[in-house]
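Structural description and commentary
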Amino acid sequence: MKTSMKYLALGLAGILSLSSCSDFLDEEAQGIVTEEDFNTAANVDQLCNAAYSTLGNTTWHRPLVSLWSLGCVRSGDTYKGGGGTGDCGLAHQWEVYYSNTVDNEWTDNLWVQLYLDLSRVNTALEYLNKLTDAEMPARQQRIAEMKFLRGHYYFVLKILFKHVPFIDETMGTTEKNAATNHDLNNAQLWARIAQDFEEAAAILPASQTEVGRPTKWAAKAYQAKTLLYAAYVQGDDNNQVTSIDKQMLAKAGSLCDEVIGSGKYALAADFANNFLTATENGIESIFAVQYSSNDGTIYGRIDEDHALNYPMASEYPATCGFHQPSHNLINAFKTENGLPMFETFYEVDAAKDGNFNDINPEVDPRLDHTVGIPGRPFKYEPNFVYQKSWSRVPGVYSYYSCMKELVSPNDPTLTATTYFAGSAKNIDLLRYDDVLLWKAEIDIELNENLDEARDLINQIRQRAANSTSKLVNAAGMQFGNYNIALYTDANYTWNQESARQALRWERRLEFATEGNRFFDLVRWGIAANYLNDYIAKEKEVVDYLRQAKFTANRDEYLPIPLNQMNYSGEKYKQNVGW
């Protein structure tokens, strides 16, 4: 993998030379990249830039930044959407579980893309290691940045596939070819990912002049996230949580304390600020994938993860209507006396037939930051009112639209490509609200500092309560029936079990449609029961889920792609159940 860029250049040079005139053998080949080209600090820095560039080079059929089709559609928070179940049918296989197969091409795409990304990182590290600090004064920092990126790519591989080969820059071709996806066991692989973040944090500065580079606090936050996932120990081959490592939780909690105590971050005054181009890279963003438009390229470096997701409104240059919030999710925002309706939220379907406004229940304001609802302004544009006709096939996927990842038609970064639409709005990989809720979760699972956990959750809820100024119609009036309360001794019994329920509900509402939910369900060990209960109710709303079934001890992870099993010479071991 480390020489893949070199051989690509050689191949292109060969093609070009063969098409030239008869004396091509006397001409110096163009476009060749050799080992000697990476003996200078400037060129090695370009390798680092190449590793960064691939971070956002994803697209709708492998949305590896946002993970919407993998973390939302598979979680019951959203439906795949589009023109029907056959439209991008390989994602439909992910959604209904039972029809997913080891030869799903999109699953293979995920694996291939992530290892191509890792190849760039490892190539950069290989050449960084050949220079001295004197030759490249920024060398140590670049090494730390590359380790941060490598940790990120392996984290994504880990939550998607569980068992993957770990390749680093020290391995030669023979070692790479011999590597298997069980050289490191589950716990060891988590530890190796956490190690990259820990080593990065030891070197990275507390702040960066270029916002796209990670800081010490970003590395510590990602290390905390990795340890939090690892702490829910899957101690057997059945993908079930068999214990919780409290020592690991405590270490993750200490890292969260460092990030919180750094003074670098705070909750944005308005929840909306996390989802607008005008306010991106704000005080809440810890690390974000940076996008751009009007940058001299054909379309700009735009977010194509969400290129399919714009609703069918004529004001958008290209629309496909994917990623539609489920009725289950919409109803989860309902409140009673300001608190979630944990047990009864879905007894009455307020989203039925797209007529949410007819019932107009009391809701958490985050609903209208998350879901496009017929009859309500869309994306903070009072005169741009969502219509039922914007749903592509309401008979299959109902009437609602995702909203957080999209921009309004008036956003200057909205860009039409050949077939789709995109924008230069960043995607946050790490936000401060996440860190607060990780810390609350750790307090709860350790059954310590439960009052602190409540305070942290209440900080999130108070911000939500304050986030209504942009939720107004053309007359300047709020269009939602908002009622959200803080947890107190008077309105909610607060013990470990009830606090856990509140925390998990809060994570769902705060990060709805952002690609987290499925992976939360898996690490908590509740995916099978939760998702089969979801299907049992939701199939009454969307008929295509009638055959859906989540199989415990299998569907927690994607299969190792058949192509990769074959390429490995059968050295890889297939995931359980596949």
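Refer to the structure above for everything that follows.
Just so it is clear, the structure is predicted and the values come from calculations on it, not from any experiment.

As for the pattern of salt bridges
- If you walk through the whole model with that rule in mind, you get 40 salt bridges.
- The partner of R392 in a salt bridge is D87, with the nearest N and O atoms 3.1 Å apart. Residue R392 is located in the loop between β10 (381–385) and α14 (394–397), and its partner D87 is located in the loop between β1 (78–81) and α4 (89–96); the two are separated by 305 residues in the primary sequence.
- The class of D87 is partly exposed, set by a relative accessible area of 23%.
- For D257, the salt bridge identified is with K439, shortest N-O distance 3.3 Å. Here D257 is found in helix α10 (residues 246–261), whereas its partner K439 is found in helix α15 (residues 432–445), with 182 residues between them in sequence.
- The partly exposed category is assigned to D257, whose relative accessible area is 37%.
- Given the relative accessible area of 7%, K439 is considered buried.

Details of empty space enclosed by the protein
- Applying the stated criterion across every chain, the model contains 9 cavities of 30 Å³ or more.
- Of the pockets and cavities examined, the largest cavity occupies roughly 130 Å³.
- For the largest cavity, the lining is made up of 13 residues, of which W190, Q234, V522, R523 and Y557 are closest to its centre.
- Of all elements in the fold, only α6 (139–161), α8 (186–203) and α18 (517–524) reach the threshold of two or more residues within the lining of the largest cavity.
- At 3 residues, the largest contribution of residues to the lining of the largest cavity is made by α18.
- For the lining of the largest cavity, the class distribution of residues is 8 nonpolar, 2 polar and 3 charged.

Comments concerning the packing of aromatic side chains
- By the definition in use, this model includes 38 aromatic pairs.
- Summarising the aromatic geometry, the rings of W60 and W106 are spaced 5.9 Å apart at their centres and angled 70° between planes, so their arrangement reads as edge-to-face. On the criterion of sequence distance, the pair formed by W60 in the loop between α2 (41–53) and α3 (68–72) and W106 in helix α5 (residues 105–128) is long-range, its members being 46 residues apart.
- Taking the centre distance of 5.0 Å and the plane angle of 75° together, the rings of Y386 and W390 count as edge-to-face. The residues Y386 and W390 share a single accessibility class, namely buried.
- Three or more aromatic residues joined by ring pairs make a cluster, and in this case those are F148, F155, W190, F197, Y222, Y229 and F287.
- Directly above the ring of F518 sits R74, whose terminal nitrogen or CZ lies 4.0 Å from the centroid.

With respect to the packing of α6 against α8
- Contact geometry of α6 with α8 gives a least axis separation of 8 Å together with a crossing angle of 150°. Relative to α8, α6 is oriented roughly antiparallel. For the crossing formed where α6 meets α8, the hand is left-handed. Residues Q140, Q141, A144, K147, F148, R150, G151, H152, Y154, F155, K158 and I159 of α6 form the contact with α8, whose own contacting residues are N186, L189, W190, R192, I193, D196, F197, E199, A200 and I203.
- Here the contact of α6 with α8 is built from residues that sort into 11 nonpolar, 5 polar and 6 charged.

The rules behind each value
Along every chain, residues carry numbers that run from 1 in the direction the sequence is written. Whole-chain, interface and lining totals are the exception, using all residues; otherwise, since this is a predicted model, local features are given only for residues with pLDDT of at least 70 and side-chain atom pairs are given and counted only at 80 or more. Excluded from the side-chain calculation are hydrogens and water; included are all heavy atoms of the structure. Salt bridge, as applied in this entry: a Lys or Arg side-chain nitrogen positioned within 4 Å of an Asp or Glu carboxyl oxygen. Put simply, DSSP marks the helices as runs of H or I at least four residues long and the strands as runs of E at least two long, and each gets a number from the N terminus on. Type-normalised accessible area, obtained with a 1.4 Å probe on protein chains alone, sets the label of each residue: buried when under 20%, exposed when over 50%, and partly exposed for intermediate values. Every definition here rests on a 1 Å grid over the protein atoms only: cavities are sets of points where a 1.4 Å probe fits but cannot get out, pockets are open sets enclosed by protein on both sides within 12 Å along at least five of seven lines, and lining residues have some atom within 4 Å of a point. Grid points are joined across faces, edges and corners, and a volume is the space filled by probe spheres set on the points. In this classification, the charged set is Asp, Glu, Lys and Arg, the nonpolar set is Ala, Val, Leu, Ile, Met, Phe, Trp, Tyr, Cys and Pro, and all remaining amino acids, among them Gly, are polar. Within 6.5 Å between ring centres, the rings of Phe, Tyr and Trp (the latter by its six-membered ring) count as paired, and their orientation is classed by plane angle as stacked under 30 degrees, edge-to-face over 60, tilted in between. Note on geometry: a ring has a charge over it if NZ (lysine) or CZ (arginine) is within 6 Å of the ring centre and within 35 degrees of the ring normal. Fitted lines through C-alpha atoms serve as axes, helices being fitted only where they are in contact, and the angles separating the N-to-C directions of these axes extend from 0 to 180 degrees. Reported orientations rely on four angle classes, namely roughly parallel under 35 degrees, roughly antiparallel over 145, roughly perpendicular from 65 to 115, and oblique for the rest. What makes a crossing left-handed is the near helix being turned counterclockwise from the far one by less than a right angle; a clockwise turn instead makes it right-handed. Note on contacts: a residue pair is in contact if any heavy atoms of the two residues lie within 4.5 Å.

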